[in-house]
Structures are given as structure tokens and as C-alpha cells.
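Structural characterization, general
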Amino acid sequence: MTLLPRALVWRRTDTTGGEYAGYDDRDGLTAHGYAFTAAPVAYACRYELSADSRWASSRLDVTVEGPGFLRTLKMESASGRWRITTSERGNLNAVLPTAPLAGTEEPERLADALDVDLYASPLTNTLPIRRLNLLGRPAGTSSTITAAWVLLPSLAVVPSEQTYTVLGDGRIRYASGTFSADLTLDEGGYVVTYPGLAER
């Protein structure tokens, strides 16, 4: 595993949990992270994430484990398409009956997704913020994207339309569907406070 020079740690504010991310952002992003939570079922996940020099996501590997189950997901972008593979041991549905299958049955719906969004991970909000160069842009600047949203603990991948709007003073509003949150960012575009979810 590559040694990474910097790290961030978030504490979940909606439930018991947290996230650690080691990263190198000198040429795009390379990150290795660990997250855990107690709800809706106790689980821990490990991930490796890469984005190219334009900050477009290129690879995400995730392993999630909990009582009686372990799932893996590998996503890789090549020639404008996502290649997705999954595996499973045990039975997540025994502890979370509503959990969907890992991966996606319709990868063509992710054709426009340049960013991955790992569920409840503040790190992945930075990807579109940096890719769209929203830091320092005038208040009111807004961009709507399609992200490949990776649900936890199921590792299902679904397209998610998301809008990022610059508010000024280091704040950007994230919105998806009826949900919105005003994120506070540091000078590198990394989340400091995600209201209702996490803080550093």
C-alpha cells in the first residue's frame, strides 16, 4: 500500500461512527480510507480511491464487513465507461432485509458520472468541487452533475443527480433531490462541517 503524506478524520454527528482518510492530492487524488458506523447495521469499510489530474474519478475499491457478511466492490473508469465487479460472502440480507444487490444491473446509467460518491463519506464531496474548480468562484455559481453513488453497506451503485452551489466564505451548498446541506470547506476544498452528518 502506498504511503500517503496527509490525513483527515471526521466524526459522524448523526450516529456512532467516523472516517479516516489518508491522501495525496499533488496530482489529482490518491486516498485510502476507513469508515465505520453503528446504524442502520453495524459495519466497517475500507476503500481505495483514485482521481486523475482533472479530479475525475478513475477507480474505487471498497470492502465492507459486518455481522455475518462481507462484500467487495471494484469500479474502474476506462474509455468513458465504468467497469464494475462485486463479490459477497455471508448474508447481508439476514441483518438488513432491504439491502439491494451490490453493483448495478444497468451500468449504462452511469455513463455521465465523472465522480464517485461513497455514502456518508465527506471526502468524496471534494471530487466534484475540485473538478469543477468551485473554490474561490463567485457566490451563486452552480453546477449539476451525475455521480456514481455507492450505498453502504450494500455497495449498490446508483446514478445520483447532485447540485453544488457556491455560497461564499468557504461554504458550498450540496443538494440532491429534496435534500440539501451547506458544507463548510477548508482551503483545499475538504469538508470541515457537513451539517447533520459529520465534522472534523
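Residues numbered from 1 in each chain as written. Predicted model: local features only at pLDDT ≥ 70, side-chain atom pairs only at ≥ 80, totals over all residues. Heavy atoms only, no water.

A few words now on the overall build of the protein. Summing up its helical and strand segments, the protein has 1 helix and 14 strands in all. Taken over C-alpha atoms, the radius of gyration comes to 16 Å for the protein, in line with the 16 Å a tight globule of 200 residues would show. Taken over the C-alpha atoms alone, the protein extends approximately 50 × 40 × 40 Å along its principal axes. Relative to its full complement of 200 residues, the protein shows a buried share of 44%. In the protein, the proportion of contacts linking residues at least 24 apart, taken out of those at least 6 apart, comes to 44%. For the protein, the exposed area adds up to about 9,700 Å²; of that, 48% sits on carbon and sulfur atoms. Charged side chains in the protein number 19 positive and 23 negative. The centres of these two groups are separated by 2 Å. (Helix = DSSP H or I, 4+ residues; strand = E, 2+ residues; numbered from the N terminus. Rg over C-alpha atoms; globule rule 2.2 N^0.38 Å. Buried < 20%, exposed > 50% of the residue type's maximum accessible area, 1.4 Å probe, protein only. Contact = heavy atoms within 4.5 Å. Areas by Shrake-Rupley, 256 points an atom, 1.4 Å probe, with all protein chains shown as cover. Lys, Arg positive; Asp, Glu negative; His and termini not counted. Charge placed at Lys NZ, Arg CZ, Asp CG, Glu CD.)

So, on to the layout of surface pockets. Estimates place the volume of the largest pocket at around 300 Å³. Surrounding the largest pocket, 17 residues form its lining, Tyr 119, Trp 149, Tyr 174, Phe 179 and Tyr 194 being those nearest its centre. At the level of elements, strand E8 (115–118), strand E10 (157–168) and strand E11 (171–176) are the ones that each hand at least two residues to the lining of the largest pocket. When the residues that make up the lining of the largest pocket are grouped by side-chain class, the tally is 9 nonpolar, 5 polar and 3 charged. (1 Å grid on protein atoms, 1.4 Å probe; cavity = no way out; pocket = protein on both sides within 12 Å on 5 of 7 lines; lining within 4 Å. Points joined across faces, edges and corners; volume = space filled by probe spheres on them. Nonpolar A, V, L, I, M, F, W, Y, C, P; charged D, E, K, R; others polar.)

Looking at the element boundaries, Thr 163 is found in strand E10. Along the primary structure Thr 163 and Tyr 174 are separated by 11 residues, whereas in three dimensions their C-alpha atoms are 5.8 Å apart. If we ignore the near neighbours within four places in the chain, the residues touching Thr 163 are Ser 142, Ser 143, Thr 144, Arg 173, Tyr 174 and Ala 175.

This part covers the nonpolar core. The biggest cluster of nonpolar side chains holds 52 residues, and the ones touching the most others in it are Leu 29, Tyr 47, Leu 49 and Met 75. Sorting elements by how many residues they give to this core places strand E4 (residues 43–51) first, with 5 residues. Other than its neighbours up to four places away in sequence, Met 75 contacts Ser 58, Arg 59, Leu 60, Asp 61, Trp 82, Arg 83, Ile 84, Val 116, Ala 148, Val 150 and Val 157. (Core = buried A, V, L, I, M, F, W, Y, C linked by side-chain atoms within 4.5 Å.)

With that settled, consider empty space enclosed by the protein. Enumeration over the complete set of coordinates arrives at 1 cavity of 30 Å³ or more. If you add up the space inside the largest cavity, you get close to 110 Å³. Every residue lining the largest cavity is counted, 16 residues in all, and those nearest its centre are Arg 12, Gly 18, Glu 19, Ala 35 and Ala 120. Among the secondary structure elements, those contributing two or more residues to the lining of the largest cavity are strand E1 (6–12), strand E2 (17–24), strand E3 (29–37) and E4. Here the lining of the largest cavity takes 3 residues from E4, the largest share from any one element. Its residues placed into classes, the lining of the largest cavity shows 12 nonpolar, 2 polar and 2 charged.

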